[in-house]
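A structural walkthrough
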Amino acid sequence: MNDDFTGCLLVWCGFLNSWVNGIPVKYNLGPSLSSRVDQRAGDRARSTSDSAQVNISRMLGQQAERVMALGEWEERWQQDRIGFHQPTVHRMLEKNLDKVLNGRTGVRFFFPLCGKAIDMKWLADQGHSVVGVEISEKGIQQFFEENNMTFSEEPVPEIPGAKVFRQNPEKNISLYQCDLFQFSSSIAGRFGAIWDRGSLVAINPKDREKYAALIVSLMDNDCRYLLDTFLYNPDQYRGPPFFVPDEQVRSLFGSSCNVELLQSVDALTDRQRDWGLDSFMENIHLITLKNSSATK
Ligand code: SAH
């Protein structure tokens, strides 16, 4: 394990210290300091990071088998149990948009598991185009109706049973009603940006590798992928949204992508307290393909 990785892991564990019992780690033992510690401290740090890793695996194990069937999501929409929907633009998209655009205009955005996120209209109003994928037809129709947009509806020949709903007359927003795992770059090409809010954290934990491979296959060479994840104690809540530690983000995307943690905020509100949580952090990562023009 390299020092960089050990350092990040220790910082992260320190961060979770209040509820990961028995890990005597410090908050600020970053890579530069860890490279200067003596051999004995180095050994101690290694055994600490080993036990931290065991803890992360145990925490991931808590939700590993949890499955939400597509029908359960549709049921939530039918019953208006959509507490994940926000009536305003996501503050972390707003804050980090410049980093996603990187000076570009007219960017093609992909929204996996889009719901009826208002962010799609916000971006389209700025001259970008949006492609989303969502299983709930009700959610898609509500998006257009609530934003006073007329839309057309067509079948998608490549995906049996799927439909695409397009905004009229501009056609800047196209929402595919299908299972995300049936979607591919052969249907709507690759994208210059991805906003992943409530998507990696919502798919079933056992599908994360498949999900990462699909997302990477949808990234254009200059794609800048903004990913929103949550850190909380999975002993206290079974999800969704699911717990996705930074270490797993790096292991899912690190072989083909650069992964940068842009922002980490305390996002605990009464909603999460009602789930039984006493700590809830929201992290935003910027992911770009290695050796791509997006890193420049
Ligand atoms: N990104 C949205 C919605 C997040 S909640 C927002 O920020 O508001 C997750 C959404 O994904 C739900 O609307 C659910 O209906 C949809 N969904 C879950 N699994 C899916 C799948 N496999 N394919 C397509 N949509 C899915």
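One can find the structure itself at the top, above this paragraph.
Note on numbering: residues in each chain are counted from 1, in written sequence order. For this predicted model, a pLDDT threshold of at least 70 governs which residues receive local features, and a threshold of 80 or more governs which side-chain atom pairs are given and counted, while totals over whole chains, interfaces and linings are taken from all residues. The side-chain numbers reported here are obtained from all heavy atoms of the structure, hydrogens and water having been left aside.

**Digging into the environment of Val67**
- With respect to the element layout, Val67 can be found in the loop between helix H3 (39-63) and helix H4 (70-78).
- Relative accessible area decides the class of each residue, using a 1.4 Å probe on protein chains only: under 20% of the type maximum gives buried, over 50% gives exposed, and in between gives partly exposed. Under the relative-accessibility criterion, Val67 is labelled partly exposed at 39%.
- Here the alpha-carbon distance between Val67 and Ile203, two residues 136 residues apart in the chain, equals 8.4 Å.
- Contacts were defined at the residue level, with two residues in contact if any of their heavy atoms lie within 4.5 Å. Apart from the residues lying within four places of it in its own chain, the contact partners of Val67 are Glu72, Asn204 and Lys206. To qualify as a helix, a DSSP run of H or I must reach at least 4 residues; to qualify as a strand, a run of E must reach at least 2; elements of each kind are numbered from the N terminus.

**Brief notes about the site of the ligand**
- Near the ligand there are 14 residues, and of these Leu113, Glu134, Asp179, Leu180 and Arg197 occur at the shortest range.
- Here Ile135 contributes a backbone N or O atom positioned 3.1 Å from a nitrogen atom of the ligand.
- Only the protein chains shown count as cover for residues, with accessible areas throughout obtained via the Shrake-Rupley method and a probe of 1.4 Å. Relative to its unbound accessible surface of 570 Å², the ligand loses 95% to contact with the protein.
- Top contributing element to the shell around the ligand by residue count: H4, with three residues.
- Its residues placed into classes, the shell around the ligand shows nine nonpolar, two polar and three charged. Distances are taken per atom, and a residue is near a molecule or strand as soon as one of its heavy atoms is within 4 Å of it. N or O atoms closer than or at 3.5 Å make up a polar contact, with two conditions inside protein: a donor-capable atom paired with an acceptor-capable one, and, for residues adjacent in sequence, both atoms drawn from side chains. In this count, Pro and Cys sit with the nonpolar residues alongside Ala, Val, Leu, Ile, Met, Phe, Trp and Tyr, while Asp, Glu, Lys and Arg are called charged and the others, Gly among them, polar.

**A few points about the packing of aromatic side chains**
- Two rings from Phe, Tyr or Trp (for Trp, the six-membered ring) form a pair when their centres are within 6.5 Å of each other. A pair whose planes differ by under 30 degrees is stacked, one over 60 is edge-to-face, and the rest are tilted. Taken as a whole, this structure holds 15 aromatic pairs when the rule is applied.
- Where Tyr176 meets Phe183, the ring centres are 5.2 Å apart and the plane angle is 65°; that geometry is what we call edge-to-face. Each member of the pair, Tyr176 as well as Phe183, carries the same accessibility label: buried.
- A ring pair is formed by Phe230 and Phe280, whose centres lie 4.7 Å apart and whose planes are at 25°; its orientation type is stacked. Here the residue Phe230 occupies a position in strand E7 (residues 219-231), and Phe280 occupies one in the loop between helix H11 (270-275) and strand E9 (281-289), the gap between them amounting to 50 residues. Across the pair, Phe280 and Phe230 agree in class, each one buried.
- An aromatic cluster is defined as three or more aromatic residues linked by ring pairs; in this entry it consists of Phe230, Tyr232, Tyr237, Phe243, Trp275 and Phe280.
- Comment: the charge-over-ring label is applied if NZ (Lys) or CZ (Arg) is within 6 Å of the ring centre and within 35 degrees of the ring normal. Arg76 extends its terminal NZ or CZ atom over the ring of Trp73, reaching a point 5.4 Å from the ring centre.
- The ring of Phe181 has Lys210 lying over it, and the distance from NZ or CZ to the ring centre is 4.4 Å.

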